[in-house]
Amino acid sequence: MPKVFETTLEINLPALKHNFEVLKAKLNTDTLFLAVVKAFAYGSDADVVSNYLQQLGVDYFAVAYVAEGVALRKAGVTKPILVLHPLVKNLGLAIEHCLEPSIYSLKLLQEFEGIAKNLNQNNYPIHIKFNTGLNRLGFEPEELDLVLESLKEASSLKVKSVFSHLAASEDFEEQEFTFAQINLYKSLTETFINGLGYPIIKHLCNTSGVLNYPEAHFDMVRCGIGLYGFGNSEKETKNLIPVACLKSIISQIHQIKKGASVGYNRAFKSISDIETATLPIGHADGIGRHFGNGVGFVMIHGKKAPIVGNVCMDMIMVDVTNIDCKEGDEVVFFDASHSAEKAATNASTISYELITGISQRVKRKIVTT
Ligand SMILES: *Cc1c(COP(=O)(O)O)cnc(C)c1O
């Protein structure tokens, strides 16, 4: 492994390839694969990750917002890009960059149809989103006829897919709810496609849906977290490889006398003589304050060094009393063997939050072997 000289998020492309292949192997050969690369590809590097996935043969991409899609186009992504949560203000920009909006309300449908017409579009691809129980975005099932009616008059638009999103695909205790969502989605799409009169892509599953509900893959699946190495369960995660490794170095070592305090608010007071290391990473880099006071730890030469006191904006201090280390030595926050998922669980959060929260201040380094 290459040595780092500053706080660095390593992005491991062979791991990404591995995860893509593991997920792909769960699908029928004709099921399309949409890679979710919103939020800088879950905090990694959207440009590099998307281009690499494009080479690997991903069929579709999805981002949350139009600006993220524009960035992908500028980085050379030519495959179709679904924008999951477009806002009215950016719809013109979406068309300019061939981005395909998710249409989740009548207002958005009307606005988009007007903009597409103004820009002389014909059959511009859109994706119809139904709410089947997440209660976040999407048309209500009762609006189905209204949607169909509005679409019949919207000659500037053409529906490319109909989709919904599962609320608890990772949660076995909510299986009954998930089956109800799947059944509702099935019946809605059947009526919708009949009314529309032409075939379109059906898709429902995120990563945990792919893993836990093989009968619900339909024509396409939308994978995010699995590509980055997490399966939302120990059993699934063990077949995947985390793509991102967060590393840093020791800036300074301190000898802390019994009774002395460390850090802001004197949150830590030592009950014995100890040694601490100060590291150049803090809450502004994505290590939240909830990791402070012994909740989080780093690995130094294979040994655990717990965080001492409060997390500062740009620094943390860790206890290295029993570790033979010096200034400049490498520190690991998470990697393939000390997973971000476990670190997140310790701090009462989830892998998604920890990895997407690594701020843009942290240098990204692409690892290709
Ligand atoms: C983020 C997102 C996904 C990806 O979910 P993962 O659990 O990361 O696989 C899929 N679909 C929608 C609508 C999303 O917002």
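Just so you know, these numbers come straight off a predicted model, no measurement behind them.

Cut-off values and rules
Residues numbered from 1 in each chain as written. Predicted model: local features only at pLDDT ≥ 70, side-chain atom pairs only at ≥ 80, totals over all residues. Heavy atoms only, no water. Salt bridge = Lys/Arg side-chain N within 4 Å of Asp/Glu carboxyl O. Helix = DSSP H or I, 4+ residues; strand = E, 2+ residues; numbered from the N terminus. Buried < 20%, exposed > 50% of the residue type's maximum accessible area, 1.4 Å probe, protein only. Arc of directions from axis to C-beta. Contact = heavy atoms within 4.5 Å. Near = heavy atom within 4 Å. Polar contact = N/O pair within 3.5 Å; in protein donor to acceptor, adjacent residues only side chain to side chain. Areas by Shrake-Rupley, 256 points an atom, 1.4 Å probe, with all protein chains shown as cover. 1 Å grid on protein atoms, 1.4 Å probe; cavity = no way out; pocket = protein on both sides within 12 Å on 5 of 7 lines; lining within 4 Å. Sits in = over half its atoms within 2 Å of the grid points. Nonpolar A, V, L, I, M, F, W, Y, C, P; charged D, E, K, R; others polar. Expected span 1.5 Å × (residues − 1). Domains from an automatic or database assignment. Buried area = accessible area lost by both parts, 1.4 Å probe.

1. Thoughts on the pattern of salt bridges
A side chain of one charge can pair with a side chain of the opposite charge when the charged atoms of the two come close.
Part 1 of the argument: All told, the structure shown has 10 salt bridges when counted by the stated rule.
Part 2 of the argument: Close ionic contact of E113 with K117 constitutes a salt bridge, the shortest N to O distance being 3.0 Å. In this pair, E113 and K117 are both assigned in helix 6 (residues 106–118), 4 residues apart and thus about one turn of the helix distant.
Part 3 of the argument: For E113, a relative accessible area of 12% translates into the label buried.
Part 4 of the argument: In this structure, E236 engages K235 in a salt bridge whose closest nitrogen and oxygen atoms are separated by 3.2 Å.
Part 5 of the argument: Look at E236 and you get buried, because its relative accessible area is 8%.
Part 6 of the argument: Residue classification places K235 among the exposed residues on the basis of a relative accessible area of 59%.

2. Section: helix 4 (residues 66–74)
Part 1 of the argument: Residues of helix 4 that are buried include every one of V66, G69, V70, L72 and R73, and no others. Down the axis, helix 4 shows its buried residues gathered within 160 degrees of arc, on one side only. Pointing more than 90 degrees away from the buried face of helix 4 are the exposed residues A67 and K74.
Part 2 of the argument: Check the buried side of helix 4 and you find it contacts helix 3 (46–56), strand 3 (60–63), strand 4 (81–83), helix 5 (91–96) and strand 5 (99–103).
Part 3 of the argument: Once helix 4 ends, the next one or two residues include G76, with phi positive near 105 degrees.

3. A closer look at the site of the ligand
Part 1 of the argument: Of all residues adjacent to the ligand, which total 13 residues, the nearest are K38, Y42, T207, I225 and Y352.
Part 2 of the argument: Taking R222, its side chain carries an N or O atom lying 2.9 Å from a nitrogen atom of the ligand.
Part 3 of the argument: Between G224 and the ligand, the recorded distance is 2.9 Å, taken from a backbone N or O atom to an oxygen atom.
Part 4 of the argument: For the ligand, whose unbound accessible area comes to 390 Å², protein coverage reaches 93%.
Part 5 of the argument: At a threshold of 2 Å from the grid points, most atoms of the ligand map onto the largest pocket.
Part 6 of the argument: Counting residues per element, the ones that place at least two in the shell around the ligand are helix 2 (38–43) and strand 9 (220–223).
Part 7 of the argument: Residue composition of the shell around the ligand, grouped by class: 6 nonpolar, 4 polar and 3 charged.

4. Quick word on helix 6
For an α-helix the count is 3.6 residues per turn, leaving residues at separations of three or four pointing the same way.
Part 1 of the argument: With 13 residues, helix 6 extends 18 Å from end C-alpha to end C-alpha; this agrees with the ideal 18 Å at 1.5 Å per step.
Part 2 of the argument: L106, L108, L109, F112, E113 and A116 are the residues of helix 6 that are buried. Within helix 6, the buried residues cover an arc of 155 degrees as seen down the axis, which keeps them to one side. Opposite the packed face of helix 6, turned more than 90 degrees from it, sit the exposed residues K107, Q110 and N118.
Part 3 of the argument: Tucked inside the fold, the buried residues of helix 6 contact helix 5, strand 5, strand 6 (124–129), helix 7 (144–152) and strand 7 (157–163).
Part 4 of the argument: Among the residues trailing helix 6, N120 stands out with phi positive, at a value near 55 degrees.

5. Some details on the domain arrangement of the protein
Part 1 of the argument: Annotation of the protein at the domain level lists domain 1 (31–228) and domain 2 (244–367).
Part 2 of the argument: On a C-alpha basis, the centres of domain 1 and domain 2 stand 38 Å from each other.
Part 3 of the argument: Counting from both sides, the interface comprises 9 residues of domain 1 and, opposite them, 7 residues of domain 2.
Part 4 of the argument: Here domain 1 and domain 2 share an interface that buries about 780 Å² over both sides, 65% of which is from carbon and sulfur atoms.
Part 5 of the argument: When residues of domain 1 are sorted by the area they lose upon contact with domain 2, Y42, G43 and I225 head the list and together hold 50% of the total.
Part 6 of the argument: Taken together, the links from domain 1 to domain 2 amount to 0 salt bridges.
Part 7 of the argument: Seen at the junction of domain 1 and domain 2, the total is 2 residue pairs in polar contact (both at pLDDT 80 or more).
Part 8 of the argument: Counting residues per element, the side of domain 1 that touches domain 2 draws most heavily on helix 2, at 4 residues.
Part 9 of the argument: Split by residue class, the side of domain 1 that touches domain 2 holds 6 nonpolar, 2 polar and 1 charged.

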